[in-house]
Amino acid sequence: FPVTIHTGAQSIISKYRFNVKKTPLTTIVIADDHEFFRTGLSMVIKDNPSYRLLAEAVDGQDLIDKVNQHQPDIIIVDIEMPKLDGIQATRQIVEVNPLSKIIMLTVHDHDEVLLTALKAGAVSFLDKNVSKDEVYRTIDSVMSSPSYYIPEKIARKAFQLMEDRPKYAIVTGN
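Residues numbered from 1 in each chain as written. Predicted model: local features only at pLDDT ≥ 70, side-chain atom pairs only at ≥ 80, totals over all residues. Heavy atoms only, no water.

## A word on the overall build of the chain
Argument step 1. When helices and strands are counted, the chain shows 6 helices and 9 strands.
Argument step 2. Buried positions account for 46% of the 174 residues belonging to the chain.
Argument step 3. Across the chain, contacts joining residues at least 24 apart in sequence account for 58% of those joining residues at least 6 apart.
Argument step 4. Accessible area for the chain stands at about 10,400 Å²; split by element, carbon and sulfur atoms hold 53% of it. (Helix = DSSP H or I, 4+ residues; strand = E, 2+ residues; numbered from the N terminus. Buried < 20%, exposed > 50% of the residue type's maximum accessible area, 1.4 Å probe, protein only. Contact = heavy atoms within 4.5 Å. Areas by Shrake-Rupley, 256 points an atom, 1.4 Å probe, with all protein chains shown as cover.)

## Re unusual backbone geometry
Argument step 1. Backbone geometry places Gln71, a non-glycine residue, at a positive phi of 50 degrees.
Argument step 2. For Gln71, the position within the fold is in the loop between helix 2 (60-70) and strand 5 (74-78).
Argument step 3. Residue Lys83 is not a glycine yet carries a positive backbone phi of 65 degrees.

## Overview of the nonpolar core
Argument step 1. Within the largest apolar cluster, 25 residues are counted, with the highest numbers of intra-cluster contacts made by Leu63, Ile75, Val77, Ile93 and Met104.
Argument step 2. At 5 residues, helix 4 (residues 111-120) tops the list of elements feeding residues into this core.
Argument step 3. Excluding its chain neighbours within four sequence positions, the residues that come into contact with Met104 are Val77, Ile79, Gly86, Ile87, Thr90, Ala117, Ala122, Ser124, Phe125 and Leu126.
Argument step 4. One finds Leu41, Ile74, Ile76 and Tyr136 within the second-largest nonpolar core, a separate group that totals 17 residues. (Core = buried A, V, L, I, M, F, W, Y, C linked by side-chain atoms within 4.5 Å.)

## Description of the pairing of strand 4 (residues 51-57)
Argument step 1. Burial within strand 4 is extensive, with 5 of its 7 residues counted as buried.
Argument step 2. Here 6 bridges tie strand 3 (residues 26-31) to strand 4, and the two strands are oriented parallel to one another. Each residue of the ladder has a partner; that of Val29, found in strand 4, is Ala55.
Argument step 3. Taken together, strand 3, helix 1 (residues 35-46) and strand 4 constitute a β-α-β crossover, and its handedness is right-handed. (Pairing = 2+ DSSP bridges. Right-handed = clockwise from strand over helix to strand, strands pointing away.)

## Structural notes on the environment of Met43
Argument step 1. Checked against the element boundaries, Met43 lands in helix 1.
Argument step 2. By relative accessible area, which is 57% here, Met43 ends up exposed.
Argument step 3. Between the C-alpha atom of Met43 and that of Leu53, which follows or precedes it by 10 residues, the distance is 9.4 Å.

## Quick look at the confidence of the model for the chain
Argument step 1. Confidence in the prediction of the chain, expressed as mean pLDDT, is 80, and 68% of residues score 70 or more.
Argument step 2. Below a pLDDT of 50 lies the segment residues 1-21, which in the model reaches 15 contacts outside its immediate sequence neighbourhood of four places, other chains included.
Argument step 3. With pLDDT under 50 throughout, residues 165-170 is counted as low confidence; its partners more than four residues away or in other chains account for 11 contacts. (pLDDT = per-residue confidence, 0-100.)

## Looking at the pairing of strand 7 (residues 122-127)
Argument step 1. Burial analysis of strand 7 places 6 of its 6 residues in the buried class, the great majority of the element.
Argument step 2. Strand direction decides the pairing type here: strand 6 (residues 101-106) and strand 7, joined by 5 bridges, are parallel. Residue Thr106 lies in a different strand from strand 7, and its bridge partner there is Asp127.

## Thoughts on the packing of helix 2 against helix 3 (residues 86-96)
Argument step 1. Orientation of helix 2 relative to helix 3, taken along the N-to-C sense of each, is 15 degrees, at an axis distance of 9 Å. In terms of orientation, helix 2 lies roughly parallel with respect to helix 3. The interaxial crossing formed by helix 2 with helix 3 has right-handed handedness. Residues Gly60, Leu63, Ile64, Val67 and Asn68 of helix 2 form the contact with helix 3, whose own contacting residues are Ala89, Gln92, Ile93 and Val96.
Argument step 2. Looking at the contact of helix 2 with helix 3, its residues break down into 6 nonpolar, 3 polar and no charged. (Axes fitted to C-alpha atoms, helices over the stretch in contact; angles between N-to-C directions. Parallel < 35°, antiparallel > 145°, perpendicular 65-115°, else oblique. Left-handed = near helix turned anticlockwise from the far one by under 90°. Nonpolar A, V, L, I, M, F, W, Y, C, P; charged D, E, K, R; others polar.)

Structure below.
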């Protein structure tokens, strides 16, 4: 891009072009009805220079509106929320925005809840008691792989649920 340098009454136009290669940022929308948790997760995401937080949602319907507006790469969504829970919101989002990858926030390890979330379109899970590094590992793994990324804490249970789905790989974190 041309750069204009003003010096008094003169203008010097530089025709230098700067070829700076930028890696595109991973865009993220988060949804959780608990403000304290949502604020903490927001700070963790903003702390990573590879990510750009586009919006925060307080319930499932708010999430759908914000995803439609921003079309993020990653959506991190709590399973239990008012108006529309995370699983119902995931089903609707996948229909209209299939390129976004959905990571479910959970405190559940019930087979039925995990299976329902996977069937709805989630590609990964994050336990709400997870470290900042595990949040980063999960986001990066989901972005770099077409398969599921299941953190180790949930992997055994998820593997049992997905044994009949051999077309997908399960990658576990440390």
